[in-house]
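Observations on the three-dimensional arrangement
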Amino acid sequence: MFVPILLGSEKDLDHASKITKVLDDFEVGYKVMVASAHKVPEQVLEIIKKYDSKKESVCYITCAGRSNALSGFVAANTVNPVIGCPPFSDKADMMVNIHSTLQMPTDTPVLTVLDPQNAAMAAIRILAILNKDLRKRVHAHIVTLKKTFKKFQ
């Protein structure tokens, strides 16, 4: 099981670090790569071909803002799930990035998750469908999380 994380720009590295921390906690393999769909689409295609040819489960996470071609480009060229997690610097930037990630053409499914930690957890849960050990770790995490809340009396 593996999570290729594609960034549209090096500026997105801080955003990606929030994703990788969660993947590290669950011992899920990943690689962070910068590859703009606008500027180097050939490179993005090479990355997709590389990870799609592996015999392990793959779930892509893309982090790109503005006119987010990266998420749709990846989704259009892979059979694997794609989670778009757009970075943003303020509320106005957030609105642009959310809309560019949500508005994908037909047959290019991108699951949009705004919180980087939740993007990682979504990828982990997708991968856990076929991995019993990871599924047990996710379940244990949920049980532990629930124990942190006191019962209402």
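Since we're looking at a predicted model, the values are computed, not measured. (Residues numbered from 1 in each chain as written. Predicted model: local features only at pLDDT ≥ 70, side-chain atom pairs only at ≥ 80, totals over all residues. Heavy atoms only, no water.)

With that settled, consider the sheet that holds strand S5 (residues 111-112). With respect to topology, five strands assemble into an open sheet ordered S2-S1-S3-S4-S5, the strand pairing being parallel. For this open sheet the edge positions go to strand S2 (29-34) and S5, each flanked by a neighbour on one side alone. As defined by bridge partners, strand S1 (residues 2-7) adjoins strand S3 (residues 60-63) across three bridges and the pair is classed as parallel. Bridge pairing in S3 links leucine 7 to cysteine 63. Lying on the sheet, helix H2 (residues 41-52) is in contact with S1, S2 and S3; it crosses S2 at an angle near 170°. Sheet strands in contact with helix H3 (residues 69-76) are S1, S3 and strand S4 (82-84), and its direction is about 155° off that of S3. (Pairing = 2+ DSSP bridges. Helix = DSSP H or I, 4+ residues; strand = E, 2+ residues; numbered from the N terminus. Contact = heavy atoms within 4.5 Å. Axes fitted to C-alpha atoms, helices over the stretch in contact; angles between N-to-C directions.)

Of note, threonine 108 is situated in the loop between helix H4 (91-102) and S5. We classify threonine 108 as buried; its relative accessible area is 11%. In contact with threonine 108, other than residues within four places in its own chain, are Gly72, Ala75 and Ala76. (Buried < 20%, exposed > 50% of the residue type's maximum accessible area, 1.4 Å probe, protein only.)

The next point concerns the pairing of S3. Of the two faces of S3, the one lined by Tyr60 and Thr62 and the one lined by Ile61 and Cys63 are each fully buried. Note: S3 against S4, three bridges, orientation parallel. Pairing of threonine 62 across the sheet is with glycine 84, part of S4.

Purely geometric numbers; function is a separate question.
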